[in-house]
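Commentary on secondary and tertiary structure
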Amino acid sequence: MNYTAWADAHLTHTQLHQKGHKTSIWHTPRTDKPLLVLVHGINGNHFGLVPLAAELFDEYQIVIVELPGHGNSDFVELPSAHALQKWFKKTLTQIETSYDTTATICAHSFGCSAVLDNQVLKTRKVFLLNPVPVPSELY
């Protein structure tokens, strides 16, 4: 499959705003299918999750979140895992305002750290792919 062509045909770029900072999301059209939110890892961007999005497109409407300082998202000073989780929770609230309550969240690598807020974990299905217990020196 040509994932670049699939992304061009199925994903729309939108920017969310929090305290003067932009967060990029890439989303499929709104439908009545359950919502799946995908989060990439360090040095990634939305495109790394396009193959997964393409495979799940028939069953879900999909939003791919680009972490702060990645892809087209602005850098945001997040000095701790708690700050990153707080940022993600606010981003998730903004996404759900436009869509609906998230059915499932799937995070990859360092993106797993973003979704580990207790309220998020208690109220949604969360899948962690290759979770990283501590950030690398690069971060």
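Residues numbered from 1 in each chain as written. Predicted model: local features only at pLDDT ≥ 70, side-chain atom pairs only at ≥ 80, totals over all residues. Heavy atoms only, no water.

1. What about the nonpolar core?
In terms of nonpolar packing, the biggest core is built from 24 residues, with Val37, Val39, Val63, Val65, Phe88 and Ile95 touching the most fellow members. Of all elements in the fold, only strand S3 (35–39), strand S4 (61–65), helix H3 (81–98), strand S5 (102–108) and helix H4 (111–114) reach the threshold of two or more residues within this core. Examining the composition of this core, we find that six residues originate from one element, H3, more than from any other. In this structure valine 65 touches Thr23, Ser24, Ile25, Val37, Leu38, Val39, His40, Trp87, Thr91 and Ile95, once residues within four positions along its chain are discounted. Trp26, Leu49, Ala53 and Cys106 belong to the second largest nonpolar core, which has 14 residues in total. (Core = buried A, V, L, I, M, F, W, Y, C linked by side-chain atoms within 4.5 Å. Buried < 20%, exposed > 50% of the residue type's maximum accessible area, 1.4 Å probe, protein only. Helix = DSSP H or I, 4+ residues; strand = E, 2+ residues; numbered from the N terminus. Contact = heavy atoms within 4.5 Å.)

2. Structural notes on H3
Relative to the 26 Å expected for 18 residues at 1.5 Å per residue, H3 spans 26 Å between its end C-alpha atoms, a close match to the ideal helical length. Along H3, the residues classified as buried are Ala83, Leu84, Gln85, Trp87, Phe88, Thr91, Leu92, Ile95 and Glu96. (Expected span 1.5 Å × (residues − 1).)

3. Quick look at the sheet that holds S3
Taking strand neighbours across the sheet as the criterion, the six strands line up as S1-S2-S4-S3-S5-S6 in an open arrangement whose pairing is mixed. Looking at which strands have only one partner, the edges of the open sheet turn out to be strand S1 (12–18) and strand S6 (125–129). Direction aside, the axes of adjacent strands within the sheet are offset by 25 degrees on average. Here strand S2 (residues 21–27) runs beside S4; their pairing, made up of three bridges, is antiparallel. (Pairing = 2+ DSSP bridges. Axes fitted to C-alpha atoms, helices over the stretch in contact; angles between N-to-C directions.)

4. Regarding the pairing of S2
Along S2, five of the seven residues are buried, which leaves the element largely enclosed by surrounding structure. Where S1 and S2 come together, seven bridges link them in antiparallel fashion. The residue bridging histidine 17 from the neighbouring strand is lysine 22, located in S2.

5. Comments concerning the packing of aromatic side chains
In the structure shown here, the tally under the stated rule is two aromatic pairs. Taking the centre distance of 5.6 Å and the plane angle of 85 degrees together, the rings of tryptophan 6 and phenylalanine 57 count as edge-to-face. Taken together, the residues span a long stretch of sequence, with tryptophan 6 in helix H1 (residues 3–10) and phenylalanine 57 in the loop between helix H2 (50–56) and S4 at a distance of 51 residues. The cationic tip of arginine 30 hangs over the ring face of tyrosine 99; the distance from NZ or CZ to the ring centre is 4.5 Å. (Phe/Tyr/Trp six-rings, centres within 6.5 Å; stacked < 30°, edge-to-face > 60°. Lys NZ or Arg CZ within 6 Å of the ring centre and 35° of its normal.)

6. With respect to a nonpolar patch on the surface
A surface patch of nonpolar side chains, amounting to about 210 Å² of accessible area, comprises Leu116, Leu121 and Leu128. Considering the arrangement of structural elements, one finds leucine 121 in helix H5 (residues 118–123). Since its relative accessible area comes to 37%, leucine 121 is described here as partly exposed. (Patch = residues over 30% accessible without salt bridge, like charges linked within 9 Å, V, L, I, M, F, W, Y side chains within 5 Å. Areas by Shrake-Rupley, 256 points an atom, 1.4 Å probe, with all protein chains shown as cover. Salt bridge = Lys/Arg side-chain N within 4 Å of Asp/Glu carboxyl O.)

7. A short note on the layout of surface pockets
When its volume is computed, the second largest pocket comes out at roughly 160 Å³. Every residue along the wall of the second largest pocket is listed here: Gln18, Lys19, His21, Val76, Leu78, Ala83, Lys86, Trp87 and Lys90. Here the lining of the second largest pocket gets four residues from one element, more than from any other, and that element is H3. For the lining of the second largest pocket, a count of residues per class yields four nonpolar, two polar and three charged. (1 Å grid on protein atoms, 1.4 Å probe; cavity = no way out; pocket = protein on both sides within 12 Å on 5 of 7 lines; lining within 4 Å. Points joined across faces, edges and corners; volume = space filled by probe spheres on them. Nonpolar A, V, L, I, M, F, W, Y, C, P; charged D, E, K, R; others polar.)

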